[in-house]
Amino acid sequence: MTKKPELLAPAGDMESLMAAIENGADAVYLGAKALSARSYATNFTINELMDVIDYAHLRGVKTYVTLNTLIKDSEIENAVNTLYTLTEFGVDSVIVQDIGLISLARELVPELPIHASTQMTVHNIEGVRFLQSMGVKRVVLARELTLEEIREIKEITGIEVETFIHGALCISYSGQCLLSSIIGGRSGNRGHCAQPCRKKYNLKIDGRKVETDGEYLLSPKDLNTSRILPELIDAGIDSFKIEGRMKRPEYVAGVVHVYRNLIDRYLEDPSGYFVYEEEILCLEQLFNREFTEGYLLGNPRGKLMNRFRPYNRGIPIGMVAGYDRKQKRVRVVLTAPLDTGDGIGIEGAVVSGETVYRMYIDDRITTHAEGGYVVDIPFEKEVDKGSIVYRTLDKSLMESLKKTFTSTFPIRKIPVTITAKAVAGSPFELQIEDHDHIMVHTNSDYVVEHAVKKPTTSEQIKKQLGKLGNTVFETVAIDVKTDNDIFVPMGQLNVDRNQTISKLEAMRITRWKRSPKIPYIKEITSFEKDKTRKTLLSVSVTNFEGVQSAVKGGADAIYIGSEMYHVSGTPDLEASVQNVHEAGKKIYLDTPRIVKNGEMDSVRETLSTAKTFVADGVLVSNLGVFKLAKQAGLAIIADSPLNVFNQKSLEFFLKHGALMAVLSPELTFEQIKQITTSGTVECIVHGRLTLMESEHCLVSGILGGSGECTSPCEDGDFELVDEKGYAFPIRMDSNCRTYLLNSKELCLLENIPEIVKAGVSSIRIDARAVESSHIERITKAYRNALNKCFEEGENVRISCKDITEGYTKGHYFRGVI
């Protein structure tokens with residue numbers, strides 16, 4: 001028998017929660033005011049969350065609270081106490097990104113189910129197994145996985161799997177994007193993404209601008225899986241997730257309603273599955289940047305993107321026939337109905353929607369016009385004849401959807417069976433049982449009397465007991481056992497019914513509650529650092545020439561390997577290991593941050609090579625590879641894509657076998673000082689940070705056409721240029737993934753004393769995007785700066801401007817919000 005998937009809906013505020021529940025959601029996910037990856041949503045205070053959880057549980061709906069951001073050390077106490085409070089309130093699970101918080105949750109509230117957020121970039125079987133070993137119940141898989149990859153993960157691991165089925169897409173792998181924080185200090189990893197992917201960019205090849213179809217080169221279409229929903233159900237996915245905690249409640253109502261019907265329709269008649277035209281139009285009308293099925297059926301390449309408009313397109317309803325400059329009216333030939341109060345957008349007008357306040361047919365004002373009519377609409381901006389007109393908001397649709405969750409009589413009802421016993425001389429008895437087999441019983445204070453005049457019939461009792469009004473319950477069966485000649489006042493039946501219903505409501509809520517916890521106070525940890533040990537210098541390179549340059553420059557450790565094309569030379573690993581060891585230094589092989597199941601053999605080969613050539617260990621960027629490297633007995637350095645952001649995350653990786661962890665580049669000096677008290681850390685101090693990694697090959701999507709990829713990325717140097725003129729280099733890898741690098745190099749050469757004083761064990765130069773001939777000079781500069789901290793350096797003054805043309809201090813001083 002086909003398993004029924006959970007329909008999981010967003011709830012950015014109370015109205016959206018009600019909209020989701022009334023339209024058929026099985027579960028809702030919502031955020032606390034802090035620690036949520038959608039901080040711009042209204043979200044809920046802790047006190048509000050208790051009422052929200054009770055409201056949902058009464059109606060048979062599960063609640064998942066998002067704590068899916070990276071946690072600062074200063075927030076750990078609050079985060080854990082929030083977990084305690086939510087556990088007591090009876091929340092069904094929490095959705096978490098920070099691995100330190102997950103480890104604390106499993107230790108302190110083992111009874112609370114944990115769902116691993118999509119922000120954890122979970123994308124392979126070994127990564128899922130790693131989280132399973134921690135006690136994680138469910139994983140929200142990366143959106144970049146295909147249906148076959150999802151099916152394989154589900155079948156092999158057996159873990160609960162959650163997948164997005166509708167809504168906005170990120171161009172970057174979630175949890176791997178620094179673009180918003182680097183550009184404006186608003187971290188996507190902290191719930192404050194400013195959506196720079198929805199801005200305009202130009203593509204340049206070797207410094208020359210390329211003409212592109214549209215300017216929004218990083219803006220994907222929206223996900224819509226209504227057509228392929230049967231395939232998702234058959235893949236065994238446990239939970240279907242709708243994106244949209246920042247959308248209006250009417251959007252939530254409409255999308256949930258459509259997908260509720262589609263799921264039920266397929267389960268009722270799999271061979272006869274279809275999607276009504278009005279359902280398609282409803283989804284389009286509510287919000288769309290055009291639709292895509294994402295990566296579920298394979299890589300869509302250029303079809304993933306909408307480069308023309310990053311906002312809601314709406315539905316085409318007509319064409320511009322002309323513009324009256326004097327009256328500032330646009331004349332539209334309608335192909336579909338339009339009402340005053342609707343929103344419209346016009347192609348080329350650079351507006352996402354304007355409300356139609358007035359509308360004219362032959363200079364006569366009207367409130368409604370059918371398709372085929374010509375209407376004049378006040379419109380400030382002149383538009384070209386022939387431009388397409390879109391309806392971006394349908395007032396009547398919004399009003400009808402709003403009624404589904406604002407009525408005093410709820411649509412969603414809990415079926416109950418009522419049993420009553422009315423025997424003369426005995427107390428009136430009433431029992432109510434719901435479809436979850438929760439049963440409550442009332443022995444009334446009223447003793448049933450013999451009828452003096454007109455007896456109370458069983459039909460009268462049934463009718464009165466069945467009046468459940470605007471409660472969440474509906475009667476599906478009533479059984480009354482009674483004598484023939486008895487009397488029970490109608491008012492007494494009302495009292496006993498209401499009392500019993502109140503008991504049932506309380507039972508449905510309280511059964512989820514858990515015991516309260518003593519407030520958590522963060523322990524102060526102290527790592528005994530060897531004060532005689534000097535801060536080390538590591539350099540990331542891509543080839544043997546880079547290895548030689550870094551060694552000559554004075555590096556203590558070399559990281560070799562690269563995910564990216566457009567690097568000079570190839571890595572001769574055997575020669576590299578030999579060269580480094582002869583110099584008395586250490587060398588680690590780098591591994592990719594994204595490794596899908598079909599690519600794991602390549603990583604296993606790298607791990608085998610590390611052992612064969614006696615490398616000192618490996619650099620690891622995802623949980624799956626971490627697991628494999630540990631099984632292979634290799635020394636591990638946990639790299640920055642693992643998002644070590646606090647002491648607990650650091651302690652977790654060190655406890656599980658890492659020699660050292662590379663800290664998130666979004667941390668400040670002050671935050672780093674606190675983390676270093678817990679163990680050995682490395683900080684990246686120089687190089688172009690990777691701001692995002694995308695499964696989408698940006699260059700091929702633009703230049704490769706709609707057929708098979710012609711590998712246009714192999715010829716030339718590519719960069720994206722934003723509206724302020726900043727140029728971000730683009731790199732690709734052998735799996736056609738895109739890496740967007742920062743427009744400026746990070747450089748902390750003048751700040752090395754502060755790094756050393758912060759207790760950092762190692763600093764890293766990321767020289768993977770640097771010519772080999774320049775690596776030695778950069779390495780020497782940092783070597784000398786480190787030596788001077790220990791009174792061994794030459795008195796040579798070199799600053800960042802001497803080794804790089806343009807640079808940034810990153811977040812070391814400003815931090816992120």
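For the structure itself, consult the block above.
Residues numbered from 1 in each chain as written. Predicted model: local features only at pLDDT ≥ 70, side-chain atom pairs only at ≥ 80, totals over all residues. Heavy atoms only, no water.

Undergrad: Would you explain the overall build of the protein in this entry?
TA: When helices and strands are counted, the protein shows 23 helices and 42 strands. Taken over C-alpha atoms, the radius of gyration comes to 31 Å for the protein, in line with the 28 Å a tight globule of 817 residues would show. Projected onto its principal axes, the C-alpha positions of the protein cover 115 × 70 × 45 Å. The buried share of the protein, reckoned over its 817 residues, is 58%. About 33,500 Å² of surface is accessible on the protein, with carbon and sulfur atoms providing 49% of the total. Side-chain charges of the protein comprise 98 positive and 110 negative groups, with the mean position of each set lying 3 Å from the other. (Helix = DSSP H or I, 4+ residues; strand = E, 2+ residues; numbered from the N terminus. Rg over C-alpha atoms; globule rule 2.2 N^0.38 Å. Buried < 20%, exposed > 50% of the residue type's maximum accessible area, 1.4 Å probe, protein only. Areas by Shrake-Rupley, 256 points an atom, 1.4 Å probe, with all protein chains shown as cover. Lys, Arg positive; Asp, Glu negative; His and termini not counted. Charge placed at Lys NZ, Arg CZ, Asp CG, Glu CD.)

Undergrad: Would you mind showing me how to read the pairing of strand E14 (residues 329–334) here?
TA: Across a regular strand the side chains alternate sides, sitting on one face of the sheet and then on the other. In the sheet, strand E13 (residues 315–324) pairs with E14 via six bridges, with the strands oriented antiparallel. Following the sheet pairing, Asp324 is matched in E14 by Arg329. In this sheet, strand E21 (residues 374–378) lies alongside E14 in antiparallel orientation, the contact comprising five bridges. Bridging from a neighbouring strand, Arg329 pairs with Pro378 of E21. (Pairing = 2+ DSSP bridges.)

Undergrad: Looking at this model, I keep getting lost on the environment of Ala769. Mind explaining?
TA: Note that Ala769 resides in the loop between strand E41 (762–766) and helix H22 (772–789). With a relative accessible area of 37%, Ala769 lands in the partly exposed category.

Undergrad: What's the story with the environment of Glu582 in this structure? I'm lost.
TA: The residue Glu582 is located in helix H15 (residues 573–582) in this model. Using a relative accessible area of 61% as the deciding quantity, one classes Glu582 as exposed. Remark: the alpha-carbon pair of Glu582 and Val140, spanning 442 residues in sequence, is separated by 46 Å.

Undergrad: What exactly am I supposed to notice about the sheet that holds strand E23 (residues 414–422) here?
TA: Hydrogen bonds between backbone atoms are what pair the strands of a sheet, whose relative direction is either parallel or antiparallel. Read from one edge to the other, the open sheet built from four strands follows the order E25-E24-E23-E27, with strand pairing classed as mixed. Because the sheet does not close on itself, it has two edges, and the strands there are strand E25 (439–447) and strand E27 (473–482). In this sheet, neighbouring strand axes are inclined to one another by 15° on average, regardless of whether the strands run parallel or antiparallel. Strand direction decides the pairing type here: strand E24 (residues 427–434) and E25, joined by six bridges, are antiparallel. Directly across from Pro427, in E25, lies its bridge partner Val447. The strands that helix H13 (residues 490–510) touches are E23, E24, E25 and E27; relative to E25, the one it contacts most, it runs at about 155°. (Axes fitted to C-alpha atoms, helices over the stretch in contact; angles between N-to-C directions. Contact = heavy atoms within 4.5 Å.)

Undergrad: In this structure, what is going on with the packing of helix H9 (residues 249–268) against helix H10 (residues 277–286)? I would like to understand it.
TA: Angle between the axes and distance between the axes are the two parameters that describe a pair of packed helices. Axis separation between H9 and H10 bottoms out at 10 Å; the angle between their running directions is 150°. In this view, H9 runs roughly antiparallel relative to H10, as classed from their interaxial angle. Where H9 crosses over H10, the two elements pack in a sense that is left-handed. The residues of H10 that touch H9, namely those facing Glu250, Tyr251, Gly254, Val255, Val258, Tyr259, Asn261, Leu262 and Arg265, are Glu279, Cys282, Leu283 and Leu286. The residue makeup of the contact of H9 with H10, split by class, is eight nonpolar, two polar and three charged. (Parallel < 35°, antiparallel > 145°, perpendicular 65-115°, else oblique. Left-handed = near helix turned anticlockwise from the far one by under 90°. Nonpolar A, V, L, I, M, F, W, Y, C, P; charged D, E, K, R; others polar.)

Undergrad: Where do I start with the packing of helix H5 (residues 125–134) against helix H17 (residues 623–631) in this structure?
TA: Axis separation between H5 and H17 bottoms out at 6 Å; the angle between their running directions is 80°. In terms of orientation, H5 and H17 fall into the roughly perpendicular class. Contacts between H5 and H17 involve Glu126, Gly127, Arg129, Phe130 and Leu131 from the former and Leu623, Gly624, Phe626, Lys627 and Leu628 from the latter.

Undergrad: Explain the side chain of Lys72 to me, please; I cannot follow it from the model alone.
TA: As for its placement among the helices and strands, Lys72 is situated in the loop between strand E3 (62–67) and helix H3 (76–89). No salt bridge is formed by the buried Lys72; its nearest oppositely charged neighbour, Glu75, is found at 5.0 Å. (Salt bridge = Lys/Arg side-chain N within 4 Å of Asp/Glu carboxyl O.)

Undergrad: I keep staring at the packing of aromatic side chains and nothing clicks. Help me out?
TA: Here a ring pair, both rings aromatic, is described through the centre-centre distance and the interplanar angle of the planes. Per the stated rule, a full pass over the model turns up nine aromatic pairs. Pairing Phe669 with Phe813 gives two aromatic rings, centres 5.2 Å apart and planes at 75°, and the pair type is edge-to-face. Of the two residues, Phe669 sits in helix H19 (residues 669–675) while Phe813 sits in the segment after strand E42 (807–808), which places them 144 residues apart along the sequence. Counting every residue linked through ring pairs, the aromatic cluster contains Phe130, Phe626, Phe652 and Phe653. (Phe/Tyr/Trp six-rings, centres within 6.5 Å; stacked < 30°, edge-to-face > 60°.)

Undergrad: Where do I start with the pattern of salt bridges in this structure?
TA: As a working rule, side chains carrying opposite charge can pair if their charged atoms are close by. Enumeration over the complete set of coordinates arrives at 53 salt bridges. Ionic pairing is found between Lys247 and Glu243, a salt bridge with its closest N-O pair at 3.5 Å. Judged by its relative accessible area of 18%, Lys247 is buried. Assessed through its relative accessible area of 9%, Glu243 is described here as buried. In this structure, the salt-bridge partner of Glu380 is Lys328, at a minimum N-O distance of 3.4 Å. A residue pair is termed long-range when its members are at least 10 positions apart, and Glu380 in the loop between E21 and strand E22 (388–393) and Lys328 in the loop between E13 and E14 qualify at 52 residues. Overall, the relative accessible area of 39% leaves Lys328 in the partly exposed class. By sharing partners, the salt bridges in this structure join Glu6, Lys137, Arg138, Glu160, Glu162 and Lys241 into a single network.

Undergrad: Please clarify how the state of the cysteines should be interpreted in this entry.
TA: Chemically, a disulfide is nothing more than a covalent bond linking the sulfur atoms of two cysteines. Enumeration over the complete set of coordinates arrives at one disulfide. Not engaged in a disulfide, the cysteine Cys193 finds its nearest cysteine sulfur in Cys197; these two sulfurs lie 5.9 Å apart. (Disulfide = S-S within 2.5 Å.)

Undergrad: Is there a simple way to explain the sheet that holds strand E38 (residues 727–732) in this structure?
TA: Pairing is antiparallel across the open sheet formed by six strands, whose spatial order is E9-E8-E37-E38-E39-E36. The two strands at the open ends of the sheet, each matched to only one other strand, are strand E9 (208–210) and strand E36 (690–694). Between one strand axis and the next, the sheet turns by 30° as a mean value, whatever way the strands run. When strand E37 (residues 718–722) meets E38, the two strands line up antiparallel, connected through four bridges. Looking at the pairing, Phe718 lines up with Ile730 of E38.

Undergrad: How should I be thinking about H10 in this particular structure?
TA: The periodicity of an α-helix, 3.6 residues per turn, causes residues three or four positions apart to be oriented the same way. Listed in full, the buried residues belonging to H10 are Glu279, Cys282, Leu283, Gln285 and Leu286. All buried residues of H10 fall inside an arc of 165° around its axis, so they share one side. (Arc of directions from axis to C-beta.)

Undergrad: What should I look at first to understand the nonpolar core in this one?
TA: Most often, soluble globular proteins have nonpolar side chains that are buried together. By size, the foremost hydrophobic cluster in this structure holds 196 residues, and its most contacted members are Val94, Phe653 and Tyr782. Ranked by the residues each element gives to this core, the list is headed by H9, at ten residues. Membership of the second largest hydrophobic core comes to 26 residues, among which are Val416, Leu430, Ile438 and Val448. (Core = buried A, V, L, I, M, F, W, Y, C linked by side-chain atoms within 4.5 Å.)

Undergrad: What exactly am I supposed to notice about helix H12 (residues 458–465) here?
TA: Ile461, Gln464 and Leu465 are the residues of H12 that are buried. Take H12 and look down its axis: the buried residues cluster within an arc of 95°, on one side only. Across from the buried face of H12, at angles greater than 90 degrees, the exposed residues are Glu459 and Lys463. Looking at the buried side of H12, the elements it contacts are E23, E24, E27, strand E28 (486–487) and H13.

Undergrad: Just checking my understanding: could you explain unusual backbone geometry for this structure?
TA: The bulk of non-glycine residues show a negative phi, and the bulk of peptide bonds are trans. Its identity as a non-glycine residue notwithstanding, Glu290 has a phi of 75°, on the positive side. With respect to the helices and strands, Glu290 occurs in the loop between H10 and strand E12 (291–292). On the basis of relative accessible area, Glu290 is assigned to the partly exposed category, the value being 24%. Of note in the backbone geometry, Asn643 takes a positive phi value of approximately 60° without being a glycine. Mapping Asn643 onto the fold places it in the loop between strand E33 (636–638) and helix H18 (647–655). Exposure remark for Asn643: the relative accessible area of 11% places this residue in the buried category.

Undergrad: Help me understand the side chain of Ser664, please; the structure alone is not making it clear to me.
TA: Positionally, Ser664 belongs in the loop between strand E34 (658–662) and H19. Assessed through its relative accessible area of 5%, Ser664 is described here as buried. With residues up to four places along the chain from it excluded, the contact list for Ser664 reads Val644 and Phe645.

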